[in-house]
Amino acid sequence: SIVTFAHALGPWYEDCVDMHGMRGRCASVRTLNGKITSVPNVQDEKEDLLVDMACRAVEEDEADAIILGGAPLAGHAARVRERTPVPVIEQIGAA
């Protein structure tokens, strides 16, 4: 599953999954709703919500890995890895 901090990014990630023929491999794309007060501080501001959303993707969508989507989440996988029951991948580091 792809987990990201901005609801507006959801359709774009869905399109990317489809464009690369990965629909059958992607359990879900999950996005947070609500305001972000500071994009540079989104990791601290939304960490608990992102972890919760990642865990729900595992439980509800049967995700076997989580991709943190969005450049502001670069480096965040290491912070949340122990709180998530599957591998967490950050897209910037994986690229």
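Residues numbered from 1 in each chain as written. Predicted model: local features only at pLDDT ≥ 70, side-chain atom pairs only at ≥ 80, totals over all residues. Heavy atoms only, no water.

Is there a simple way to think about the pattern of salt bridges in this case?
Any two side chains of opposite charge can pair, on the condition that their charged atoms come close. On inspection of all chains with the given rule, the structure shows 10 salt bridges. Its salt-bridge partner being Arg 83, residue Glu 47 comes within 2.8 Å of it at the nearest N-O pair. You can see Glu 47 sitting in helix 2 (residues 42–61) and its partner Arg 83 sitting in the loop between helix 3 (77–80) and strand 4 (88–90), a full 36 residues away along the chain. Arg 83 gets classed as partly exposed once you look at its relative accessible area, which sits at 36%. Residue Asp 48 is joined to Arg 83 by a salt bridge in which the shortest nitrogen-to-oxygen separation is 2.8 Å. Here Asp 48, found in helix 2, pairs with Arg 83, found in the loop between helix 3 and strand 4; they are 35 residues apart in sequence, far enough to count as distant. Counted as one network, the salt bridges with shared partners bring together Asp 44, Glu 47, Asp 48, Arg 79 and Arg 83. (Salt bridge = Lys/Arg side-chain N within 4 Å of Asp/Glu carboxyl O. Helix = DSSP H or I, 4+ residues; strand = E, 2+ residues; numbered from the N terminus. Buried < 20%, exposed > 50% of the residue type's maximum accessible area, 1.4 Å probe, protein only.)

Help me out: how do you make sense of the environment of Asp 64 in this one?
Locating Asp 64 in the fold gives a position in the loop between helix 2 and strand 3 (66–69). Aside from chain neighbours lying at most four places away, what touches Asp 64 is Val 86 and Pro 87. (Contact = heavy atoms within 4.5 Å.)

What's the story with the packing of aromatic side chains in this structure? I'm lost.
Geometrically, a pair of aromatic rings is defined through the distance of the ring centres and the angle of the planes. Taken as a whole and judged by the stated rule, the model has 1 aromatic pair. Between Trp 12 and Tyr 13 the ring centres are 4.9 Å apart and the planes differ by 70°, which places this aromatic pair in the edge-to-face class. With relative accessibility at 6%, the residue Tyr 13 sits in the buried group. (Phe/Tyr/Trp six-rings, centres within 6.5 Å; stacked < 30°, edge-to-face > 60°.)

Sorry if this is basic, but what is going on with the confidence of the model for the chain here?
For any part of a model where pLDDT is low, the fine detail of the predicted coordinates should not be relied upon. Mean pLDDT over the chain works out to 92, with 100% of the residues at or above the 70 mark. When pLDDT is averaged over each helix and strand of the chain, the minimum, 82, is found for helix 4 (residues 91–94) and the maximum, 97, for strand 2 (residues 29–31). (pLDDT = per-residue confidence, 0-100.)

How should I be thinking about the nonpolar core in this particular structure?
When a protein is soluble and globular, its nonpolar side chains tend to lie buried together. Core analysis: the largest hydrophobic core is formed by 20 residues, its most contacted members being Val 3, Leu 50, Ile 66, Leu 68, Leu 73 and Val 88. Of all elements in the fold, only helix 2, strand 3 and helix 3 reach the threshold of two or more residues within this core. Top contributing element to this core by residue count: helix 2, with 8 residues. For Leu 73, the contacting residues outside a window of four places in its chain are Val 3, Phe 5, Val 42, Gln 43, Leu 50, Leu 68 and Glu 90. (Core = buried A, V, L, I, M, F, W, Y, C linked by side-chain atoms within 4.5 Å.)

Is there a simple way to think about the environment of Gly 93 in this case?
Turning to its location among the elements, Gly 93 is positioned in helix 4. For Gly 93, a relative accessible area of 59% gives the class exposed. For Gly 93 and Asp 15, which are 78 residues apart along the polypeptide, the C-alpha to C-alpha distance reads 21 Å.

So what exactly am I meant to see when it comes to the sheet that holds strand 4 here?
Backbone-to-backbone hydrogen bonds pair the strands of a sheet. The strands run either parallel or antiparallel. Taken in spatial order, the 4 strands of this open sheet run 2-1-3-4, and their pairing is parallel. Every other strand in the sheet has two partners, leaving strand 2 and strand 4 as the edge strands with one partner each. Within this sheet the neighbouring strands show an average axis-to-axis angle of 25°, counted without direction. The sheet contact formed by strand 3 and strand 4 spans 3 bridges and is parallel. Counted as the bridge partner of Ile 67 is Ile 89 from strand 4. Its contacts with the sheet place helix 1 (residues 10–19) against strand 1 (2–4), strand 2 and strand 3, and it is angled at close to 170° to strand 2. (Pairing = 2+ DSSP bridges. Axes fitted to C-alpha atoms, helices over the stretch in contact; angles between N-to-C directions.)

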